[in-house]
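Structural features, examined
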Amino acid sequence: MNKKTEIEKPYQEHRNTNNSTNILDDLEVGDILFCNSDTLTSKGIRMVTNSKYSHIAIYLGDGKISHSTKKGVITESLDSLINKSNYIAITRHLDAWSLRRKEELKFFAEEMQNTKYNYNFMSFFKAKYNEIKHEKNITKKLDTYFENPFKTREIPESVFCSQYVLECLYRVGLIDDSFVVAYDPCTISPKDMINYIPIGFHVGYIKNENISIGEDDDFWNKDKYYELVSK
């Protein structure tokens, strides 16, 4: 790991580490990782969405993450993601990831490997247009769904980062068909994921030791995982 990092748990004592082992010990399969970085595309997405976050990945365990990048859907090391990010916010579903769901996530990540990427800064405006169009037609879409709720949903041929993570949650059964119809994954930004999607509770941050996270962070006032499990 090139950066000295720490994992910061809200309302708990900070723990500093120079190695990946201690950081990985705090992560669980299915954790969602929201990334802040300084690439031009990331800055543009953050500016337009008024969010600190522009990219999302999902943790597979054993120090590996899966996400949709310009290379397509790939599996790579958590260290690689950390080194590309200023900091990462982590969310976790409470008591949701059974062994079966963990295995299904890994299988789906393998199935989606090399699926084309479908996003850049200009694509954001297309996504916003699709979102407006979707909202206008949502009643019709829901009516169509409930007329045939057992229709098989096809795997997308290309995905962007938040769309891919939503597809992961869908494939393991954490969100259902009606939810996917109501919140079309191809219209959802990282900011939308934080505000509207059941992504679980805020676990903490993985960050460069020199980074300070303030009250303007998207997760500052979100429910804290460690507060809930300690009750």
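Residues numbered from 1 in each chain as written. Predicted model: local features only at pLDDT ≥ 70, side-chain atom pairs only at ≥ 80, totals over all residues. Heavy atoms only, no water.

1. Some words on helix H4 (residues 99-111)
In plain terms, the rule: Strands here are runs of E lasting at least two residues and helices are runs of H or I lasting at least four, both read from the DSSP assignment and numbered beginning at the N terminus. Multiplying 1.5 Å by the helix residue count minus one yields the expected span of that helix. Relative accessibility under 20% of the residue-type maximum defines a buried residue, over 50% an exposed one, and the middle range a partly exposed one, all with a 1.4 Å probe and only protein chains included. The arc in question is the one traced by the directions running from the helix axis out to the C-beta atoms. Contacts were defined at the residue level, with two residues in contact if any of their heavy atoms lie within 4.5 Å.
Helix length check: H4, at 13 residues, gives a terminal C-alpha distance of 18 Å against a target of 18 Å (1.5 Å per residue), a fit within 8%. Looking only at H4, the buried set comprises Arg 101, Leu 105, Phe 108 and Ala 109. Down the axis of H4, the smallest arc covering the buried residues is 100 degrees, so these residues share one side. Among the exposed residues of H4, those pointing more than 90 degrees away from its buried face are Leu 99, Phe 107 and Glu 110. For H4, the secondary structure elements touched by its buried residues are strand S4 (55-61), strand S5 (64-69) and helix H7 (161-171).

2. Describing the nonpolar core
Which entries qualify depends on this criterion: As used in this record, nonpolar core signifies buried Ala, Val, Leu, Ile, Met, Phe, Trp, Tyr and Cys residues forming a set joined through side-chain atoms within 4.5 Å.
Ranked by size, the top nonpolar core spans 35 residues in total, and within it Phe 34, Tyr 53, Leu 105, Tyr 164, Met 193 and Phe 219 carry the most contacts. Elements supplying a minimum of two residues to this core: strand S3 (32-36), S4, strand S7 (87-92), H4, H7, helix H8 (177-182) and helix H9 (190-196). Of all the elements, H7 adds the most residues to this core, at 6 residues. Sequence-distant contacts of Tyr 164, defined by excluding residues within four places in its chain, comprise Ser 66, His 67, Ser 68, Val 73, Phe 108, Ala 109, Met 112 and Val 159. Grouped together as the second largest cluster of nonpolar side chains are 15 residues, Cys 35, Ile 65, Leu 78 and Val 203 included.

Everything listed here is a matter of geometry and, on its own, says nothing about what the molecule does.
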